[in-house]
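# A closer look at the structure
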2 protein chains.
Amino acid sequence: MTAEIISVGTELLMGQIVNTNAQYLSQKLASLGINVYHQATVGDNPARLKETVRHALSRADIIVLSGGLGPTGDDLTKEAVADALARRLVRFADAEETLRARFLAMGRDMTPNNLRQADFPDGSELLKNPNGTAQGCILRAEDKIAILLPGPPQELIPMFENEVAPRLEKLSGVKLYSREIRVFGMGESSVEYALRDLMRRQDNPTIAPYAKTGEVTLRVTARCEDETMGEALSLPVIDEIKKRLGDVVYSTSGVTLAGVCAGLLMEKNATLAVAESCTGGLLSSVLVDIPGISDCFMEGAATYSDLAKCRRLGVLSATLDAYGAVSAECAKEMALGMRRGALTDYALSVTGIAGPGGGTAKKPVGLVYVALADEERATVKKVLLSGDRARIRALAVLHALDLLRRRLCGLPVAQE
Amino acid sequence: MTAEIISVGTELLMGQIVNTNAQYLSQKLASLGINVYHQATVGDNPARLKETVRHALSRADIIVLSGGLGPTGDDLTKEAVADALARRLVRFADAEETLRARFLAMGRDMTPNNLRQADFPDGSELLKNPNGTAQGCILRAEDKIAILLPGPPQELIPMFENEVAPRLEKLSGVKLYSREIRVFGMGESSVEYALRDLMRRQDNPTIAPYAKTGEVTLRVTARCEDETMGEALSLPVIDEIKKRLGDVVYSTSGVTLAGVCAGLLMEKNATLAVAESCTGGLLSSVLVDIPGISDCFMEGAATYSDLAKCRRLGVLSATLDAYGAVSAECAKEMALGMRRGALTDYALSVTGIAGPGGGTAKKPVGLVYVALADEERATVKKVLLSGDRARIRALAVLHALDLLRRRLCGLPVAQE
């Protein structure tokens, strides 16, 4: 079964608001096993709206429209749908009553144009709107279904959840089982190259890659009757992906790298502290974003100045003089000093040049050292990162976390 | 002149990401005097993509596509546009060189599929991408213009600003002068209410509001012949906005709250350190994201555990016992302790309950204290924030920064 989403509103075409409805509806329809191949946005113009509705009806089984159900002359969605499906607009007595009661309850006079909100294409099933005056409707005509929803998300979302989703579940009879595989340490194109035959021959489950800053995520999605069947279809594919990509796969259930590290620390009852220079608190902030992190994360120090590195972490001035703050030696002393001071099992450190200024021929922008101190020693990794300041800082955080993950899992680290 | 926006990507159709590119491009095109009557979103499917491109070309003078320029078999935008405009894809030697240099600089091997990123429709003008591997292009064919941009906003936005906008300005004969007014401490609907007559009668300049987490941004955009004229048209409107909104306006030139604070500190040759509990490094990270911040930002401490608060900042156990870590008293001692230890002019602190757990009837999730220590005393502000953990932490950071801004500007603070 296929659906198209049509968002109606000149404010969308002018870029005055971002179209969160299209995302919400797409997610919901996908999870119901209904394929969305097209989304369209069109303004409050009768001719263009009608053409868009007709075009969508020519391709899809279901069209879902949001917006244009209000009382003003600009609200034309019901007219356009009625026209495309050869229905008349008729006044629904129930809807009129609901409307009058609502205005009464709000203590507001109902201007005559509001009555348009009681008109729907003949044969519609109405959808309640406890959060606004515009009711929605579902119209089945020929072999098509048109679903008309109000534009404001605080009205559309409850209407979809309560009125539309139960009807569509019955219709589609499909469930989806979806797993997110997360990868750090291999670029998107290399991941896809390694999996190209799997991705080409995919049918059920499907494999969809998408890239975030420095990471690759693969979504494996199976159409199934229930979770057991979904798992049975997906697991062989997930295992094959893990086998091909190796230990750069850090989660097969959508957990972030920080989340994986937190989980491993808690499992081992171990504690962590972090010392940061160029990332300046970002590593610690990413960890603190995890609810319940206080069980393993003790503290962080954003020792941005040299003075702070010496005073807070015990980095030696001699080290800074001899090697500079961006050096393997400084990274090591930062990690060791943080671990000593915070009395934790592990300490991570990051020092580097995030740019745009401060780079030299020998130490270019993007040069970053991450270090991990444990009960035995400090391990350092040197990386050369590209991008703007924000990207370099974000990547540095991931490299630090990956160093910890590899230590906690007993995996090898390419050391300097 | 009319344009259509085509967003390419299965992740959009699946609802995995929200389509902020369509909003950004719509705003930009509208402000260039180019009418957008349709936006379309389509997945990585060759037949549907081609049909969508053809359909858009049949209606509009300009089509702007985002996404699908990458190295993988799913990236088909260039093929679809070339096909619709009867051009061949050819390898651009310059683009190949840029690509190889980029991979070399990143120290990464270039898999063969990456070379697809050097292929463009014959006759294209290439658009530089300093933030990614996929260059964009503009193709003029028959009386149509196709503009192909990469999908990631951090690549698309700079490419549009630097490469596309100047070309479209020439085409449309319209120049744009744009200023971003940033507001913290007043909700979007209150801002719009205060400015409703200005916004209603707007023509040139236009005023477009958009909300970020906890902030409101107004973009004032004037169509003009040159910058002087643009400024002359905009300044009276900007002054009127400032007059109506008052000291919640913290920038009229698009500078972030952290950026404004950094500027004020540098102006006064003053230094800052921060101590964080629930924000856990986010405040310090937001500051460190500003290039050159080392002139005024010395260090941060993410003292997440009580032990760290006592040992690193000198918070008294008696204070924690009597009032708890989330209290005005603790916030004060954190700020005073940080300032003393870091030897800075100012120190900010944040302590609160970010949730989802940890709330009580007396101290609910969202209760946050921010404090500022200066040479005379510590000032505390108590706020009650709503939303999820990430939102509460982000808002807490803004409240801390606003406390500093008000102190540095001599503005009043509503204290506890």
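The structure displayed is predicted, hence computed values, not measured ones. (Residues numbered from 1 in each chain as written. Chains lettered and ligands numbered in written order. Predicted model: local features only at pLDDT ≥ 70, side-chain atom pairs only at ≥ 80, totals over all residues. Heavy atoms only, no water.)

### Some remarks on the overall build of chain A
So the rule is basically this: For helices the rule is a DSSP run of H or I covering at least 4 residues; for strands it is a run of E covering at least 2, with both sets numbered from the N terminus onward. Exposed residues in this analysis have more than 50% of their type's maximum accessible area, buried residues have under 20%, and partly exposed residues fall in between, with area computed by a 1.4 Å probe over protein chains only. Contacts: residue pairs with any heavy atoms within 4.5 Å of one another.
When its secondary structure is counted, chain A shows 15 helices and 17 strands. By principal-axis analysis of the C-alpha atoms, chain A measures approximately 85 × 50 × 40 Å. Taken over 416 residues, chain A has a buried fraction of 56%. Restricting the contact set of chain A to residue pairs at least 6 apart, pairs at least 24 apart contribute 67%.

### A word on the pairing of strand β2 (residues 35–42) of chain A
Worth spelling out the cut-off: For two strands to be treated as a pair, DSSP must find at least two bridges joining them.
A large share of β2 of chain A lies buried, amounting to 6 of its 8 residues. In terms of strand pairing, strand β1 (residues 2–8) of chain A meets β2 of chain A through 7 bridges, oriented parallel. Considered in β2 of chain A, the bridge of A3 of chain A is made with V36 of chain A. In this structure, β2 of chain A lies alongside strand β2 (residues 35–42) of chain B, joined through 5 bridges in antiparallel fashion. When the bridges of β2 of chain B are listed, T41 of chain A appears paired with Q39 of chain B.

### Describing the layout of surface pockets
Convention followed: Of the grid points, spaced at 1 Å and generated over the protein atoms alone, those admitting a 1.4 Å probe that cannot get out make up cavities, while open sets with protein on both sides within 12 Å along at least five of seven lines make up pockets; any residue with an atom within 4 Å of a point is treated as lining. Grid points are joined across faces, edges and corners, and a volume is the space filled by probe spheres set on the points.
In this structure, the second largest pocket encloses a volume near 980 Å³. The wall of the second largest pocket is formed by 36 residues, among which E11, I17, G151, P152 and P153 of chain A lie closest to the centre. Counting only elements with at least two residues in the lining of the second largest pocket, the list comes to β1, α1 (10–13), α2 (20–31) and α6 (153–172) of chain A together with α7 (188–194) and β10 (206–212) of chain B.

### Some points on the sheet that holds β1 of chain A
Convention followed: The angle between two axes is taken between their N-to-C directions and runs from 0 to 180 degrees, where each axis is a line fitted to C-alpha atoms and a helix contributes only its stretch in contact.
Ordered by their spatial adjacency, 12 strands build an open sheet running β6(A)-β7(A)-β8(A)-β3(A)-β1(A)-β2(A)-β2(B)-β1(B)-β3(B)-β8(B)-β7(B)-β6(B), and the pairing between neighbours is mixed. Edge positions in the open sheet fall to β6 (125–127) of chain A together with β6 (125–127) of chain B, since each of these has one partner strand only. On average, each strand axis in the sheet is tilted by 15° relative to the strand beside it, whichever way the strands run. Sitting on the sheet, helix α2 (residues 20–31) of chain B is in contact with β1 (2–8), β2, β3 (62–66) and β8 (144–149) of chain B, with an inclination near 165° to β1 of chain B.

### A few points about the environment of K242 of chain A
Residues and elements named next belong to chain A. As for its position among the elements, K242 is in helix α9 (residues 227–245). A sequence separation of 10 residues divides K242 from T252, and the C-alpha atoms of the two residues are 8.7 Å apart. Aside from chain neighbours lying at most four places away, what touches K242 is V249 and T252.

### Quick word on the packing of helix α3 (residues 46–59) of chain A against helix α4 (residues 77–84) of chain A
Residues and elements named next belong to chain A. Just so we agree on the cut-off: Each angle is binned into one of four classes, with values under 35 degrees roughly parallel, values over 145 roughly antiparallel, values of 65 to 115 roughly perpendicular, and all other values oblique. If you view the pair so one helix is near and one far, a crossing is left-handed when the near helix is turned anticlockwise from the far one by less than a right angle, and right-handed when it is turned clockwise. In the scheme used here, Gly and all other residues not listed as nonpolar or charged are polar, with Ala, Val, Leu, Ile, Met, Phe, Trp, Tyr, Cys and Pro taken as nonpolar and Asp, Glu, Lys and Arg as charged.
Contact geometry for α3 and α4: axes closest at 9 Å, N-to-C directions at 50°. By the angle class used here, α3 and α4 are oblique. In the crossing of α3 with α4, the sense of the turn from one axis to the other is right-handed. Along the contact surface, α3 presents L49, K50, V53, R54 and L57, while α4 presents T77, A80, V81, D83 and A84. A per-class count over the contact of α3 with α4 returns 6 nonpolar, 1 polar and 3 charged.

### Notes on the sheet that holds strand β14 (residues 297–303) of chain A
With respect to topology, 10 strands assemble into an open sheet ordered β17(A)-β16(A)-β15(A)-β13(A)-β14(A)-β14(B)-β13(B)-β15(B)-β16(B)-β17(B), the strand pairing being mixed. At either end of the open sheet lies a strand with only one pairing partner, and these are β17 (378–384) of chain A together with β17 (378–384) of chain B. The sheet shows a mean angle of 10° between the axes of neighbouring strands, taken without regard to direction. Both strand β16 (residues 367–373) of chain A and β17 of chain A contribute to a ladder of 7 bridges, which runs antiparallel. Within the sheet, the bridge partner assigned to A373 of chain A lies in β17 of chain A and is A378 of chain A. Helix-sheet contacts for helix α15 (residues 389–409) of chain A involve β13 (272–276), β15 (346–352), β16 and β17 of chain A, and the interaxial angle to β16 of chain A is about 30°.

### Things to note about the domain arrangement of chain A
Using the following cut-off: Domain start and stop positions are those given by an automatic or database domain assignment.
The domain architecture assigned to chain A consists of domain 1 (2–172), domain 2 (175–251) and domain 3 (257–409). Taking the mean C-alpha position of each, domain 1 of chain A and domain 3 of chain A sit 52 Å from one another.

### A closer look at the pairing of β17 of chain A
Counting buried positions over the 7 residues of β17 of chain A gives 5, a clear majority of the element. Connecting β16 of chain A to the antiparallel partner β17 of chain A that follows it, the hairpin turn spans 4 residues.

### Points about α2 of chain B
Residues and elements named next belong to chain B. Short version of the rule: Expected span, for any helix, means 1.5 Å times one less than how many residues it has. Here a polar contact means two N or O atoms within 3.5 Å. Within protein one must be a hydrogen donor candidate and the other an acceptor candidate, and residues neighboring in sequence count only if both atoms are side-chain atoms.
With 12 residues, α2 should cover 16 Å at 1.5 Å per step; its first-to-last C-alpha distance of 17 Å lies within 8% of that length. By the criterion of burial, α2 is predominantly enclosed, with 10 of the 12 residues buried. One side-chain oxygen of the residue at the start of α2 lies 3.5 Å from the amide nitrogen of N21, identifying that residue as N19. Positive backbone phi, at 80°, marks G33, one or two positions downstream of α2.

### Considering the packing of aromatic side chains
The test is simple: Here a Phe, Tyr or Trp ring, Trp counted by its six-membered ring, pairs with any other such ring whose centre lies within 6.5 Å, and the pair is stacked when the planes are under 30 degrees apart, edge-to-face when over 60, and tilted otherwise. When the NZ atom of lysine or the CZ atom of arginine is within 6 Å of a ring's centre and also within 35 degrees of its normal, the charge is said to sit over that ring.
Per the counting criterion, the structure on display carries 6 aromatic pairs over all chains. Their ring planes at 85° and their centres at 5.8 Å tell us that Y24 of chain A and F160 of chain A sit as a pair that is edge-to-face. Here Y24 of chain A, found in helix α2, pairs with F160 of chain A, found in helix α6; they are 136 residues apart in sequence, far enough to count as distant. Overall, the relative accessible area of 0% leaves F160 of chain A in the buried class. Taking the ring centre of F120 of chain B as reference, the NZ or CZ of K78 of chain B above it sits at 4.3 Å.

### What to know about the interface of chain B and chain A
How we decide: When two components associate, each loses some accessible surface as probed by a 1.4 Å sphere; the sum of these losses over both components is called the buried area. Criterion for a salt bridge: a side-chain nitrogen of Lys or Arg within 4 Å of a carboxyl oxygen of Asp or Glu.
Contacts between chain B and chain A engage 71 residues on the former and 70 residues on the latter. For the chain B and chain A pair, buried surface summed over both sides reaches about 5600 Å², with 49% attributable to carbon and sulfur atoms. Salt-bridge contacts for E299 of chain A lead to R312 of chain B; the nearest nitrogen and oxygen are separated by 2.7 Å. Of the residues belonging to the side of chain B that touches chain A, the class tally is 32 nonpolar, 28 polar and 11 charged.

### A short note on the pattern of salt bridges
Residues and elements named next belong to chain A. What the rule picks out here adds up to 52 salt bridges over all chains. We note a salt bridge from E215 to R182, for which the minimum N-O separation is 3.6 Å. Of this pair, E215 sits in strand β11 (residues 215–224) while R182 is found in strand β9 (residues 175–184), placing the two residues 33 residues apart along the sequence. The same class applies to E215 as to R182, namely buried. The network of salt bridges with common partners includes E180, R182, E215 and R219.

### Overview of empty space enclosed by the protein
Scanning the entire structure with this criterion turns up 7 cavities of 30 Å³ or more. There is about 190 Å³ of room inside the largest cavity. Lining the largest cavity are 19 residues; nearest its centre among them are A40, H55 and R59 of chain A together with H55 and R59 of chain B. Contributing elements (two or more residues each) for the lining of the largest cavity: β2 and α3 of chain A together with β1, β2 and α3 (46–59) of chain B.

### Brief notes about the state of the cysteines
Heads up, the rule is: We call a pair of cysteine sulfur atoms a disulfide whenever their separation is within 2.5 Å.
As enumerated under the stated definition, the model contains 0 disulfides over all chains in all. In this structure C310 of chain A is a free cysteine whose sulfur lies 8.1 Å from that of C330 of chain A, the closest cysteine sulfur available. Take C310 of chain A: its relative accessible area is 21%, and that puts it in the partly exposed class. C261 of chain B supplies the cysteine sulfur nearest to C409 of chain B, a cysteine that is in no disulfide, at a spacing of 8.1 Å. Judged by relative accessible area, C409 of chain B falls into the partly exposed class, the value being 39%.

### Notes on the environment of K78 of chain B
Residues and elements named next belong to chain B. Note on placement: K78 falls in helix α4 (residues 77–84). On the basis of relative accessible area, K78 is assigned to the buried category, the value being 4%. In sequence terms K78 and G358 are 280 residues apart; their C-alpha atoms lie 52 Å from each other. At a separation of 3.1 Å, a polar atom in the side chain of K78 contacts the main-chain carbonyl oxygen of R116.

### Some remarks on helix α10 (residues 257–267) of chain B
Residues and elements named next belong to chain B. With 8 of 11 residues buried, α10 is to be regarded as a mostly interior element. Residues of α10 that are buried include every one of L257, A258, G259, V260, C261, A262, L264 and L265, and no others. Looking at the buried residues of α10, the elements they touch are β9 (175–184), β12 (249–251), β13 (272–276), α11 (282–288), β15 (346–352) and α15 (389–409). Downstream of α10 by a residue or two, N269 has a phi angle that is positive, lying close to 55°.

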